[in-house]
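# Structure assessment
Read off the chains here:
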Amino acid sequence: MTETSQRPRPLRVLAAMSGGVDSAVAAARAAEAGHDVTGVHLALSANPQSFRTGARGCCTIEDSRDARRAADVIGIPFYVWDLAERFREDVVDDFVAEYEAGRTPNPCLRCNEKIKFAALLDKALALGFDAVCTGHYAKVLVNEDGTRELHRASDMAKDQSYVLGVLDDRQLAHAMFPLGDTLTTKDEIRAEAERRGLAVAKKPDSHDICFIADGDTQGFLSKRLGKAEGDIVDESGAVVGSHEGAYGFTIGQRKGLRIGTPAADGKPRYVLDISPVNNTVTVGPVAALDVSALTAIKPRWCGAAPTAPATYTAQLRAHGGETEVRAELVDGTLEVTFTEPVRGVAPGQAIVLYDDTRVVGSATIATTERATAAV
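Residues numbered from 1 in each chain as written. Predicted model: local features only at pLDDT ≥ 70, side-chain atom pairs only at ≥ 80, totals over all residues. Heavy atoms only, no water.

An unreviewed UniProt entry lists the protein under the name tRNA-specific 2-thiouridylase MnmA, from Streptomyces liliiviolaceus. Of the comments in the UniProt record for the protein, the one headed Subcellular location (unreviewed entry) reads "Cytoplasm". (UniProt positions renumbered as here; feature names shortened; annotations may be inferred.)

And the structure:
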């Protein structure tokens, strides 16, 4: 089994350059490996001034300029492609709609699925490129029969395979992640960038949600969905507070609940459920967040779909740990049981299954089953 970045023949590679240090070093490594590399920056906003400034995003005018300067230093051609309309439809509008429906989406995962490895990849292949290169920390391994597998990065602390779990066989066949086998700290990546003369060496990492300029997710949603006052209730249905929009809450949230009535036991309460139908938010004790099972829809497999129940490890959020599960595909729906209860699982999030370091696939959490009734 070999890594795609070590293929013997040079490839025509399109390097997606966000303007950050990781994608710049990835492009430089691909070029140094002998590939014919072209850099491209994706313009994802019709009004980039409205995106985050101060080198904290990946979609601003300054990011585009940083990417161009990096391409000049590497010595590769560089272009800017306008995918703003596609990004708005597939990522931003989806993000708003998911919150409106009471779910918690992952826009970075959706961007990888719909933009970087769909819209961008399709355009790259149409132009004769062999692969798309990004600065993600993950590995694509090639089996002797030519099939490919997506694996965690060598350094678990930087692993980003969770947000790539939506990639299918075809997309993996044209994906290149030069940083995936890097057993170095982020400081060492920055030092490598500095040695290469890349000005982005000291640039801060990008913000998780690039299209929310000030980082205020609730404010962003409020502008698009408007205020919708409703009740905050406990598990008995008693009203304990009010809110200005159920979309402003996530499962497991503790802060910012503005509950006027304290709990009988004096302990903190957490968001247990969000119901857009009657615009209520249900809160309760932390023990009620424990989940023993879930169902997930829209599965995408990094290879063949499982044909029988099996035991895997699962990751439930981008920076979360692993947990052991038993999973089975039933009529297109993934049914998952946890070996030990997990806390704060929210519909709309992705569950990514792993077989050791290999990514099996990803699905969107639809429903959850509580481990025990609240006490």
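### Here we look at the sheet that holds strand E4 (residues 78-82)
Read across the open sheet, the five strands follow the order E4-E3-E2-E5-E8; overall the sheet is parallel. Edge strands, defined here as strands with exactly one partner in the open sheet, are E4 and strand E8 (175-176). By the bridge criterion, two bridges tie strand E5 (residues 131-133) to E8 in an arrangement that is parallel. The residue bridging Cys133 from the neighbouring strand is Met176, located in E8. Packed on one face of the sheet, helix H2 (residues 61-74) meets strand E3 (36-43) and E4 and runs near 150° to E4. (Pairing = 2+ DSSP bridges. Helix = DSSP H or I, 4+ residues; strand = E, 2+ residues; numbered from the N terminus. Contact = heavy atoms within 4.5 Å. Axes fitted to C-alpha atoms, helices over the stretch in contact; angles between N-to-C directions.)

### Considering helix H4 (residues 107-126)
For H4, the principal kink sits at Leu120 and spans about 30°. Where H4 starts, the residue carrying a side-chain oxygen 3.1 Å from the main-chain nitrogen of Cys108 turns out to be Asn106. One or two residues past the end of H4 sits Gly128, with phi positive at roughly 95°. (Bend = angle between axes of the 7 residues up to and from the residue. Polar contact = N/O pair within 3.5 Å; in protein donor to acceptor, adjacent residues only side chain to side chain.)

### A look at the nonpolar core
Counting residues in each nonpolar core, the largest one holds 46 residues, and the members touching the most others are Phe87, Phe95, Leu150, Phe177 and Phe211. When residues of this core are traced back to their parent elements, those giving at least two are strand E2 (12-16), E3, helix H3 (84-100), H4, strand E6 (138-142), helix H7 (217-225) and strand E17 (350-355). At eight residues, H4 tops the list of elements feeding residues into this core. Once residues within four sequence positions are removed from consideration, Phe95 is found in contact with Pro105, Pro107, Ile209, Phe211, Ile212, Thr217, Phe220 and Leu221. Residues Leu11, Val13, Val37 and Ile189 belong to the second largest nonpolar core, which totals 26 residues. (Core = buried A, V, L, I, M, F, W, Y, C linked by side-chain atoms within 4.5 Å. Buried < 20%, exposed > 50% of the residue type's maximum accessible area, 1.4 Å probe, protein only.)

### Here's the deal with the pattern of salt bridges
Enumeration over the complete set of coordinates arrives at 24 salt bridges. When the shortest N-O distance is used, the salt bridge between Glu192 and Arg29 registers 2.7 Å. Here Glu192, found in helix H6 (residues 186-195), pairs with Arg29, found in helix H1 (residues 21-32); they are 163 residues apart in sequence, far enough to count as distant. Overall, the relative accessible area of 10% leaves Glu192 in the buried class. (Salt bridge = Lys/Arg side-chain N within 4 Å of Asp/Glu carboxyl O.)

### Looking at the UniProt feature "active site" (unreviewed entry) in the protein
According to UniProt, the positions carrying the feature "active site" (unreviewed entry) are Cys111 and Cys210. Maximum C-alpha separation among the annotated residues is 10.7 Å over a sequence range of 100 residues, consistent with a single clustered spot. By the secondary structure assignment, Cys111 is in helix H4. With respect to the helices and strands, the residue Cys210 is situated in the loop between H6 and H7.

### Some remarks on the sheet that holds strand E9 (residues 230-233)
Strand order in the open sheet made by the four strands is E10-E9-E12-E11, with mixed pairing throughout. At either end of the open sheet lies a strand with only one pairing partner, and these are strand E10 (239-243) and strand E11 (270-275). Strand after strand, the sheet turns through a mean of 30° between neighbouring axes, direction not considered. Taken together, the four bridges between E9 and E10 define a ladder with antiparallel strand orientation. Pairing of Gly230 across the sheet is with His243, part of E10.

### Let's talk about the packing of H1 against H6
Packing of H1 against H6 leaves a shortest axis separation of 10 Å and a crossing angle of 55°. As judged from the angle between their axes, H1 and H6 are oblique. Crossing handedness for the pair H1 and H6: left-handed. Contacts from Val21, Asp22, Val25 and Arg29 of H1 reach H6 at Lys186, Ile189, Arg190, Glu192 and Ala193. For the contact of H1 with H6, a count of residues per class yields four nonpolar, no polar and five charged. (Parallel < 35°, antiparallel > 145°, perpendicular 65-115°, else oblique. Left-handed = near helix turned anticlockwise from the far one by under 90°. Nonpolar A, V, L, I, M, F, W, Y, C, P; charged D, E, K, R; others polar.)

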